[in-house]
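Residues per chain, in single letters:
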Amino acid sequence: MIKIIGQNDELFERVAFSAYSVLELSGDASVELIYLDEAEMRKLNLTTRQIDKSTDVLSYPNLTRIMPFTEENYPFDFDIENKDVFLGSIVICESIAKQQAEEFGHSVLREKAYLFLHGLLHLLGYDHMEEEDKKVMREREEEILSKVGATR
């Protein structure tokens with residue numbers, strides 16, 4: 001199971017559950033979810049990626065490789081109190097999510113769920129720098145979102 005720390009919605013929990021199932025993950029993990037405005041997102045993007053502009057979502061992975069989320073596999077990343085492995089942080093810019101929802105013709109909640117999932121997949125090692133990797137990531141996103149009824 002993947003637990004969401006911070007601001008949350010029931011749809012995000014379903015997305016996390018679906019991702020866990022589709023990707024055949026095992027063990028317990030947690031992810032931090034943060035919302036920022038455009039100015040804060042721009043500053044974070046500049047500070048951490050040297051890109052001087054706002055963006056819709058940023059993800060900050062805690063792990064370098066993905067395997068079953070157990071204390072044995074992650075002795076230094078396993079939270080004894082919560083009994084899970086911390087995957088990292090996902091940061092979403094709410095105002096950009098609202099703009100994109102309008103542009104794509106779906107709800108803001110659906111757009112935030114997509115951005116959350118996109119960030120979660122990055123935390124789990126997915127990327128979209130190469131065309132083939134982008135295709136795989138997009139297929140996973142659509143598969144997971146369709147399972148929770150959050151399609152465009």
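None of the values given here were measured: they were computed from a predicted structure.

Draft legend 1. Structural view of the overall build of the protein. A count of helical and extended segments in the protein gives five helices and five strands. In the protein, the succession of α and β elements from N to C terminus is β-α-β-α-β-β-β-α-α-α. For 152 residues, the compact-globule estimate of 2.2 N^0.38 gives 15 Å, and the protein sits close to it at 15 Å. For the C-alpha atoms alone, the extent of the protein along its principal axes is close to 45 × 35 × 30 Å. With 152 residues in all, the protein has 43% of them scored as buried.

Draft legend 2. Fine view of the packing of aromatic side chains. One pass over the full model with this rule turns up two aromatic pairs. Over the aromatic face of Tyr35 sits the side chain of Lys112, whose NZ or CZ is 4.7 Å from the ring centroid.

Draft legend 3. Region of interest: the packing of helix α4 (residues 108-123) against helix α5 (residues 131-147). Packing of α4 against α5 brings their axes to within 10 Å, and their N-to-C directions diverge by 130°. Classified by the interaxial angle, the pair formed by α4 and α5 is oblique. Classified by chirality, the crossing of α5 by α4 is right-handed. Between α4 and α5, the residues in contact are Arg110, Ala113, Tyr114, Leu117, His118, Leu121 and His122 and Met137, Arg138, Arg140, Glu141, Glu142, Ile144 and Leu145, respectively. A per-class count over the contact of α4 with α5 returns seven nonpolar, two polar and five charged.

Draft legend 4. A look at the side chain of His118. Here His118 shows up in helix α4. For His118, the residues in contact, after removing those within four places along its chain, are Val57, His128, Met137, Arg138 and Glu141.

Draft legend 5. Focus on the pattern of salt bridges. If you walk through the whole model with that rule in mind, you get six salt bridges. Note that Asp52 and Arg42 form a salt bridge whose closest N and O atoms lie 2.8 Å from each other. Of the two residues, Asp52 sits in the loop between α2 (38-49) and β3 (57-61) while Arg42 sits in helix α2, which places them ten residues apart along the sequence. Under the relative-accessibility criterion, Asp52 is labelled partly exposed at 46%. Linking Glu141 and Arg138 is a salt bridge whose minimum nitrogen-to-oxygen distance equals 3.2 Å. Of this pair, Glu141 and Arg138 are both found in helix α5, three residues apart, which corresponds to roughly one turn of the helix.

Draft legend 6. Inspection of the environment of Leu121 at higher detail. Tracing the backbone shows Leu121 in helix α4. Leu121 gets classed as buried once you look at its relative accessible area, which sits at 0%. A C-alpha to C-alpha distance of 9.9 Å links Leu121 and Pro61, two positions 60 residues apart in sequence. If sequence neighbours within four positions are ignored, Leu121 has contacts with Leu23, Tyr126, Met137, Arg140, Glu141 and Ile144.

Draft legend 7. Expanded view of helix α1 (residues 10-22). The end-to-end C-alpha distance of α1 is 18 Å, a good match for the 18 Å that 13 residues give at a rise of 1.5 Å each. When we look at burial in α1, the residues that qualify are Leu11, Phe12, Val15, Ala16, Ser18, Ala19, Tyr20 and Val22.

Draft legend 8. Main features of the side chain of His122. When you line up the elements, His122 lands in helix α4. Residue contacts for His122: discarding those within four places in its chain leaves Ser59, Pro61, Asp127, His128 and Met137.

Parameters at a glance
- Residues numbered from 1 in each chain as written.
- Predicted model: local features only at pLDDT ≥ 70, side-chain atom pairs only at ≥ 80, totals over all residues.
- Heavy atoms only, no water.
- Helix = DSSP H or I, 4+ residues; strand = E, 2+ residues; numbered from the N terminus.
- Rg over C-alpha atoms; globule rule 2.2 N^0.38 Å.
- Buried < 20%, exposed > 50% of the residue type's maximum accessible area, 1.4 Å probe, protein only.
- Phe/Tyr/Trp six-rings, centres within 6.5 Å; stacked < 30°, edge-to-face > 60°.
- Lys NZ or Arg CZ within 6 Å of the ring centre and 35° of its normal.
- Axes fitted to C-alpha atoms, helices over the stretch in contact; angles between N-to-C directions.
- Parallel < 35°, antiparallel > 145°, perpendicular 65-115°, else oblique.
- Left-handed = near helix turned anticlockwise from the far one by under 90°.
- Contact = heavy atoms within 4.5 Å.
- Nonpolar A, V, L, I, M, F, W, Y, C, P; charged D, E, K, R; others polar.
- Salt bridge = Lys/Arg side-chain N within 4 Å of Asp/Glu carboxyl O.
- Expected span 1.5 Å × (residues − 1).

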